[in-house]
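Here's the letter readout for the chains.
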Amino acid sequence: MIYGTIHQLKSKGFNVSQIATQLNVSRNRVYDYLSMDRTTFDQWDSKRQRKVRKLDPYREEILSWLQEYPTLKASQVEDWLRERHPNLQVGESTVRLYVRDLRKEHGISRMTKERKYVAVQELPPGQQIQVDFGMVTLSHEDNSETRGRFIAFVLAHSRYKYVEWLDRPFKVADMMRCHENAFRFFGGRTRELVYDQDALVAVNENK
């Protein structure tokens, strides 16, 4: 059991970071287990196992997403759940807490490598379109909120832009339609297209 292993390694002089690295768990989890004696841990573990949570039937599915895409946000997990299980009734906070606990339990960090930005030489007209995806939270007069998702096409030379919005996750058919609309808007297409963050939009649907 990982609880016993953590305490055993601590008694041998390993620090928290070393234990977390060796067992592939988060440092917070190591701290939590070290703060509990055996009786307290057994009571906590027993209570945790008895408690049935609304998203437990989807646990392995969510866990596989987090393991494959560690940077995945809880809002994206919620989108994927709703897309695959239309009858699921679950609140945003429920998904957020469930994802947080899964990350903590399995040591899945959202930390990503720092993105490096470098200047590129100016490209000639007609050479390249840069395609990016994004999501923003939109506030309404009645204090409600919705998520807006967009795909943006930017001509690398002139910086001329074309954007389409959806109130749901993009699917491959949406992406194809948006590309065709963008080409019509620009009056043609460039020699190449460069994509950013496309895995978050299409990979799992294709899978």
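Quick look at the structure, then. Computed from a predicted model, the values in this text were never measured in an experiment.

Quick look at the environment of Tyr195
Position of Tyr195 relative to the elements: it lies in strand S4 (residues 192-196). Measuring from C-alpha to C-alpha, the distance between Tyr195 and Phe153 comes to 9.5 Å, with 42 residues separating the pair along the chain.

Quick look at helix H3 (residues 27-34)
Residues Arg29, Val30 and Tyr33 constitute the buried set of H3. The buried residues of H3 occupy an angular sector of 100° when the element is viewed end-on, so they sit on one face. Of the residues in H3, the exposed ones pointing more than 90 degrees away from the buried face are Arg27, Asn28 and Tyr31.

Comments concerning the pairing of strand S1 (residues 128-139)
Note that S1 and S4 share five bridges and pair parallel. Looking at S4, one finds that Ile129 is bridged to Leu193. Here S1 runs beside strand S2 (residues 145-155); their pairing, made up of eleven bridges, is antiparallel. When the sheet's bridge partners are listed, Met135 is paired in S2 with Arg149. Where S1 folds back on S2, the antiparallel hairpin that results is connected by five residues, among which Asn143 adopts a positive phi of roughly 70°.

Side note on the pattern of salt bridges
According to the stated counting rule, one finds ten salt bridges in the structure shown. Here Arg149 makes a salt bridge to Asp79, at a shortest N to O gap of 2.4 Å. Remark: Asp79 occurs in helix H6 (residues 74-84) and Arg149 occurs in strand S2; sequence separation between them is 70 residues. For the pair formed by Arg149 and Asp79, the shared burial category is buried. Across the pair Asp174 and Arg168 runs a salt bridge, and its minimum N-O distance is 2.7 Å. When its relative accessible area of 7% is taken as the criterion, Asp174 is described as buried. Residue Arg168 is classed as partly exposed on the basis of its relative accessible area of 34%. Each of Glu164, Arg168, Asp174 and Arg177 takes part in salt bridges that share partners, so that together they form one network.

Details of the packing of aromatic side chains
Tallying each qualifying case throughout the model produces eleven aromatic pairs. An angle of 15° between the planes, with centres 4.2 Å apart, marks the rings of Tyr3 and Phe41 as stacked. Remark: Phe41 occurs in helix H4 (residues 38-50) and Tyr3 occurs in helix H1 (residues 2-11); sequence separation between them is 38 residues. Overall, Phe41 belongs to the buried group, its relative accessible area being 3%. When the centroid spacing of 5.1 Å and the interplanar angle of 50° are considered together, the rings of Phe150 and Trp165 count as tilted. Pair noted here: Phe150 is in strand S2 and Trp165 is in strand S3 (residues 161-166), with a separation of 15 residues, a long-range link. An aromatic cluster is defined as three or more aromatic residues linked by ring pairs; in this entry it consists of Phe153, Tyr160, Tyr162, Phe185 and Phe186.

Parameters and conventions
Residues numbered from 1 in each chain as written. Predicted model: local features only at pLDDT ≥ 70, side-chain atom pairs only at ≥ 80, totals over all residues. Heavy atoms only, no water. Helix = DSSP H or I, 4+ residues; strand = E, 2+ residues; numbered from the N terminus. Buried < 20%, exposed > 50% of the residue type's maximum accessible area, 1.4 Å probe, protein only. Arc of directions from axis to C-beta. Pairing = 2+ DSSP bridges. Salt bridge = Lys/Arg side-chain N within 4 Å of Asp/Glu carboxyl O. Phe/Tyr/Trp six-rings, centres within 6.5 Å; stacked < 30°, edge-to-face > 60°.

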